Amino acid sequence: MKTMSLRMPDYLDTAAKEICAKEKISLNQFILNALSEKVSALQTLDIIEQRAKRATKESFLDALAQVPDREPYMGDGL
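None of these values were measured; they are calculated from a predicted model. (Residues numbered from 1 in each chain as written. Predicted model: local features only at pLDDT ≥ 70, side-chain atom pairs only at ≥ 80, totals over all residues. Heavy atoms only, no water.)

1. Points about the overall build of the chain
We apply this condition: Note on conventions: DSSP H or I runs of at least 4 residues are helices, E runs of at least 2 residues are strands, and numbering of each starts at the N terminus. Every radius of gyration here is taken over C-alpha atoms, with the globule rule written as 2.2 Å times N^0.38, N being the number of residues. Only protein chains enter the accessibility calculation, which uses a 1.4 Å probe; a residue is then buried when its area is under 20% of its type maximum, exposed when over 50%, and partly exposed in between. Note on areas: these come from Shrake-Rupley sampling with a 1.4 Å probe, and a residue is covered only by the protein chains present in the view. Under this rule, positive means Lys or Arg and negative means Asp or Glu; His and the chain ends count for nothing. To locate a charge, take atom NZ for lysine, CZ for arginine, CG for aspartate or CD for glutamate.
Of regular secondary structure, the chain possesses three helices and zero strands. For the chain, the N- to C-terminal ordering of α and β elements is α-α-α. Taken over C-alpha atoms, the radius of gyration comes to 22 Å for the chain, far larger than the 12 Å a tight globule of 78 residues would show. Counting only residues that meet the buried cut, the chain has 3% of its 78 residues in that class. Carbon together with sulfur atoms contributes 57% to the accessible area of the chain, which is approximately 8000 Å² in total. Placing the 11 positive and 12 negative side-chain charges of the chain at their respective mean positions leaves the two points 8 Å apart.

Next up, the structure:
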């Protein structure tokens, strides 16, 4: 585990502390959660981009051909 010093604008510090008080969590936990969410989102984007590079129109059409041709469920139509 690492210890870091962090500089942030006063307005962001105030907003984060207000959220922490409301959520009853520490500022440290709030920052860890926010950082974890951002890292996860970027990693997910990388995975999607890698998979997209392997995709072909033929494989897409093959997958689409497996979808049953039927009316949508009630409430799912356009």
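2. Some details on the layout of surface pockets
Selection rule: A cavity, in this analysis, means grid points on a 1 Å lattice covering only the protein atoms where a 1.4 Å probe fits yet has no way out; a pocket is instead an open set bounded by protein on both sides within 12 Å along at least five of seven lines, and a residue lines either one if it has an atom within 4 Å of a point. Grid points are joined across faces, edges and corners, and a volume is the space filled by probe spheres set on the points. Gly is placed with the polar residues, together with every amino acid not listed as nonpolar (Ala, Val, Leu, Ile, Met, Phe, Trp, Tyr, Cys and Pro) or charged (Asp, Glu, Lys and Arg).
Taken as a whole, the largest pocket spans an internal volume of roughly 380 Å³. Lining the largest pocket, in full, are M1, K2, T3, M4, S5, L6, M8, N28, I31, L32 and L35. Of the residues contributing to the lining of the largest pocket, the split by class is seven nonpolar, three polar and one charged.

3. Things to note about the pattern of salt bridges
Just so we agree on the cut-off: By convention in these notes, a salt bridge is any Lys or Arg side-chain nitrogen within 4 Å of a carboxyl oxygen on Asp or Glu.
Inspection of every chain in the model, using the stated rule, returns one salt bridge. Salt-bridge contacts for D13 lead to K17; the nearest nitrogen and oxygen are separated by 3.1 Å. Here the residue D13 and the residue K17 both occupy positions in helix α1 (residues 10-23), the gap between them amounting to four residues, near one helical turn.

4. Description of a nonpolar patch on the surface
Rules: Patch rule: a residue counts if its relative accessible area is over 30% and it has no salt bridge; like charges are joined within 9 Å, and nonpolar side chains (Val, Leu, Ile, Met, Phe, Trp, Tyr) within 5 Å.
On the surface, F60, L61, L64 and V67 cluster together into a nonpolar patch covering about 390 Å² of accessible area. For V67, the location among the structural elements is in the segment after α3 (57-65). V67 sits in the exposed class, given a relative accessible area of 52%.

5. Some words on unusual backbone geometry
Residue K24 is not a glycine yet carries a positive backbone phi of 60°. Taking relative accessible area as the criterion, K24 reaches 75% and is therefore assigned exposed.

6. Considering the environment of D13
We apply this condition: Residues count as neighbours in contact if any of their non-hydrogen atoms are within 4.5 Å of one another.
Along the sequence, D13 and L27 sit 14 residues apart, while their C-alpha atoms lie 9.1 Å from each other. With near-sequence residues (within four places) excluded, D13 lies in contact with M8 and L27.

7. Some remarks on the environment of E71
Mapped onto the secondary structure, E71 falls in the segment after α3. Among the residues examined, E71 registers a relative accessible area of 70% and is labelled exposed.

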